[in-house]
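Remarks on the overall topology
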Amino acid sequence: MVLNSLVGACATLTGFYLQEKVEAAVTVPALLGPALFVLGLGGGLAGLLTGRLDRLSYPKAAALTGAGVLLCALAARGTCLPVLMASGLLAGLLDDSLQLVSDRRLNDRFPSAQRATLISVSSMIFSVFMIPLSPLFGWWFS
């Protein structure tokens, strides 16, 4: 849950700050809506990667997705619209793929009576990561 929350917080913050960067990079105002839509597609495509990611051990899956999200955050500092779009799409894809793998493994491991508590703890861990990472990402993207 800790690794999943850390990767999720980094991907979420990358997506937040990318919205402003994409808005600045789009030269035709009518294309801003479709550009922001594409940024959100990563989560919807996560199922395409989840099967392959689920075959790995959890530490390997978390390391792979975490490294990918980190590379996306690094690439998102630029100004090239295609790179910004690709980094946002990929960060969402990797984050949601790890989330699906994490959820499946937790569901298989714990009875349903304990899952609500686990979801609450996972949400709290995510929030705890967001507190220090928000200003750090704000500095990174400024």
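Above this note sits the structure.
The structure presented is a predicted model; accordingly, all values stated were derived computationally and were not measured.

What counts, and where the lines are drawn
Residues numbered from 1 in each chain as written. Predicted model: local features only at pLDDT ≥ 70, side-chain atom pairs only at ≥ 80, totals over all residues. Heavy atoms only, no water. Salt bridge = Lys/Arg side-chain N within 4 Å of Asp/Glu carboxyl O. Helix = DSSP H or I, 4+ residues; strand = E, 2+ residues; numbered from the N terminus. Buried < 20%, exposed > 50% of the residue type's maximum accessible area, 1.4 Å probe, protein only. Contact = heavy atoms within 4.5 Å.

Some remarks on the pattern of salt bridges
A pair can form between side chains of opposite charge whenever their charged atoms are brought close. Enumeration over the complete set of coordinates arrives at three salt bridges. With its nearest N and O atoms 2.6 Å apart, the salt bridge here joins Arg-104 to Asp-54. Placement of the pair is Arg-104 in helix α6 (residues 81–109) and Asp-54 in helix α4 (residues 47–54), with a sequence separation of 50 residues. Between Arg-104 and Asp-108 there is a salt bridge, with the nearest N and O atoms lying 2.3 Å from each other. Of the two residues, Arg-104 and Asp-108 are both situated in helix α6; the distance of four residues between them amounts to about one turn of the helix. Accessibility expressed as a relative area gives 55% for Asp-108, which makes it exposed. Each of Asp-54, Arg-104, Arg-105 and Asp-108 takes part in one network of salt bridges that share partners.

Some remarks on the environment of Thr-50
Mapped onto the fold, Thr-50 is located in helix α4. Classification of Thr-50 by relative accessible area gives buried; the value is 14%. Along the backbone, Thr-50 and Ala-76 are 26 residues apart, and their C-alpha atoms lie at a distance of 24 Å. Those residues within four positions of Thr-50 in sequence are excluded, and the remaining contacts are Ser-97, Leu-100 and Val-101.

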